[in-house]
Amino acid sequence: MRRKVIAGNWKMNMLPGDTINFIEGIIPLVKDTENEVILCVPYTDLFYAWHSLEGSNIHLGAQNMHWEESGAYTGEVSPNMLKSVGVEYVIIGHSERRAYFAETDETVNKKIKSALKNDLKPIVCVGETLEQRENGETEKIITTQVEKALKDITREEVKDIIIAYEPIWAIGTGKTATAEDANNSIKAIRSKVKELYGEATAEEIIIQYGGSVKASNSKELFDTSDIDGALVGGASLKTEEFANIVNYKK
Ligand code: 13P
């Protein structure tokens with residue numbers, strides 16, 4: 001049985017004081033969960049989050065990184081910088097980064113390789129636009145994104161990767177894919193992983209759903225055959241709501 005992984009993506013929200021308060025509030029609420037919990041916070045909150053999370057069962061993540069370890073890249077943050085403040089996971093290729101910051105399948109692939117080399121676990125995002133969905137291209141788009149993201153990554157390495165299926169039309173819109181639709185898309189991704197790495201890897205890899213996940217729809221999503229948790233945006237900014245997603249069985 002694969003574990004469930006619930007990750008919060010705070011996006012560009014929360015100051016250090018908010019971060020400390022949030023973490024103090026959430027630690028007791030999720031301390032007994034068997035699910036894995038990750039908080040992906042803004043760069044400026046990482047140091048505070050690292051210290052606040054100490055001794056808890058919550059893991060720390062970042063939302064992006066550069067693929068180089070150092071150099072003349074004004075404004076960028078490197079994988080080893082993330083490691084230095086306790087980061088274990090890093091979101092790569094979020095659709096907002098692809099849409100607004102010119103990330104491509106090629107830069108996503110470079111970042112994944114660099115993250116793995118630096119002992120960071122990538123959470124790799126893929127997803128289709130509404131237009132692509134309406135044209136019946138969902139499966140083709142997401143499996144191609146996965147194939148390009150994983151180019152030249154070995155079977156051994158891919159075990160440390162989480163894939164997040166996030167249909168772009170469902171992000172921040174309140175529109176969730178039905179559990180059945182999301183599960184089918186994730187099954188298609190799992191088949192692609194099987195084609196690339198074999199059945200055992202496909203059965204093992206964690207594939208999350210993201211897009212308007214909240215406490216009220218999480219159980220239905222997580223009770224499917226292939227959805228292994230969620231990458232949660234808006235609802236991860238509210239302590240109780242996020243804790244209720246993590247504790248969805250209760
Ligand atoms: P929302 O949960 O706010 O729709 O955001 C999803 C997302 O983009 C997580 O990475």
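Higher on the page you've got the structure.
Every chain is numbered on its own, with residues counted from 1 as its sequence reads. Given that this is a predicted model, residues contribute local features only at a pLDDT of at least 70 and side-chain atom pairs are listed and counted only at 80 or more, while totals for whole chains, interfaces and linings are drawn from all residues. Side-chain descriptors were evaluated using all non-hydrogen atoms of the structure, hydrogens and water having been removed beforehand.

A. The arrangement of the nonpolar core in detail. In this structure, Leu82, Ile112, Ile161, Ile163, Tyr209 and Phe242 are the most contacted members of the largest nonpolar core, which totals 63 residues. Among the elements that take part in this core, helix H9 (residues 179–197) stands out by supplying 6 residues, more than any other. Those residues in contact with phenylalanine 242, other than ones at most four positions away along the chain, are Ile6, Ala7, Gly8, Phe22, Ile26, Val37, Ile38, Leu39, Val232, Ala235 and Ser236. We call a set of buried Ala, Val, Leu, Ile, Met, Phe, Trp, Tyr and Cys residues a nonpolar core when their side-chain atoms join them within 4.5 Å. Accessibility here uses a 1.4 Å probe with only protein chains present; expressed as a share of the type maximum, an area under 20% marks a residue as buried, one over 50% as exposed, and anything in between as partly exposed. One finds Ala7, Ile162, Ala164 and Leu231 within the second-largest nonpolar core, a separate group that totals 12 residues. In this description a helix means any DSSP run of H or I spanning at least four residues, a strand means any run of E spanning at least two, and both kinds are numbered starting from the N terminus. We call two residues in contact whenever any of their non-hydrogen atoms come within 4.5 Å of each other.

B. The packing of helix H5 (residues 105–117) against helix H7 (residues 138–149), seen in detail. To get an axis, fit a line to the C-alpha atoms, keeping to the stretch in contact for a helix; angles then go from 0 to 180 degrees between the N-to-C directions. Viewed as axis vectors pointing N to C, H5 and H7 meet at an angle of 45°, and their least axial separation amounts to 8 Å. Our classification of the angle between H5 and H7 gives oblique. Side by side, H5 and H7 meet where Asp105, Val108, Asn109 and Ile112 of the first sit next to Gln145, Lys148 and Ala149 of the second. Throughout this entry, Asp, Glu, Lys and Arg are counted as charged residues, while Ala, Val, Leu, Ile, Met, Phe, Trp, Tyr, Cys and Pro are counted as nonpolar. The remaining residues, Gly among them, count as polar. Along the lines of polarity and charge, the residues of the contact of H5 with H7 split into 3 nonpolar, 2 polar and 2 charged. The labels follow the angle: roughly parallel below 35 degrees, roughly antiparallel above 145, roughly perpendicular from 65 to 115, and oblique for the rest.

C. Just the site of the ligand, in detail. We call a residue near a molecule or strand whenever a single non-hydrogen atom of that residue lies within 4 Å of it. Surveying the vicinity of the ligand reveals the residues Asn9, Lys11, His94, Glu166, Ala170, Ile171, Gly172, Gly211, Ser212, Leu231, Gly233 and Gly234. Pairs of N or O atoms within 3.5 Å make up the polar contacts considered here, provided that, within protein, one atom can donate a hydrogen while the other can accept it, and that residues adjacent in sequence are counted only when both atoms are side-chain atoms. At 2.6 Å from an oxygen atom of the ligand is found a main-chain nitrogen or oxygen belonging to glycine 172. The contact in question runs from an oxygen atom of the ligand to an N or O atom on the backbone of glycine 234, over 2.8 Å. For the accessible areas, the method is Shrake-Rupley and the probe is 1.4 Å, while residue cover comes only from the protein chains on display. In the complex, 95% of the free accessible area of the ligand, which totals 310 Å², lies under the protein chains. Its residues placed into classes, the shell around the ligand shows 3 nonpolar, 7 polar and 2 charged.

D. Structural view of the pairing of strand E2 (residues 36–40). Of all the 5 residues making up E2, 5 are buried; the element is thus mostly covered by neighbouring parts of the structure. Of the two faces of E2, the one carrying Glu36, Ile38 and Cys40 and the one carrying Val37 and Leu39 are both buried. What makes two strands pair is DSSP finding at least two bridges between them. Taken together, the 5 bridges between strand E1 (residues 5–9) and E2 define a ladder with parallel strand orientation. The residue of E2 that forms the bridge with isoleucine 6 is valine 37. Each parallel crossover has a hand, and for E1 linked through helix H1 (residues 16–30) to E2 it is right-handed. Relative to strand E3 (residues 58–62), E2 runs parallel, the two being bridged by 4 bridges. The residue bridging leucine 39 from the neighbouring strand is leucine 60, located in E3. Crossover handedness is defined by viewing with both strands directed away from the observer: a clockwise path from the first strand over the helix to the second marks the crossover as right-handed.

E. Local environment of the environment of leucine 39. By the secondary structure assignment, leucine 39 is in strand E2. The exposure class assigned to leucine 39 is buried, which follows from its relative accessible area of 1%. Here the alpha-carbon distance between leucine 39 and lysine 4, two residues 35 residues apart in the chain, equals 14 Å. If we skip the residues at most four places from it in the chain, leucine 39 touches Gly8, Trp10, Phe22, Ile23, Ile58, His59, Leu60, Gly61 and Phe242.

F. Spatial organisation of the state of the cysteines. Only a pair of cysteine sulfur atoms within 2.5 Å qualifies as a disulfide here. With the rule as written, the count across this model stands at 0 disulfides. Cysteine 40 takes part in no disulfide bond, and the closest cysteine sulfur to it belongs to cysteine 125, at a distance of 9.0 Å. Note on cysteine 40: relative accessible area 0%, which makes it buried. Given a relative accessible area of 2%, cysteine 125 falls into the buried group.

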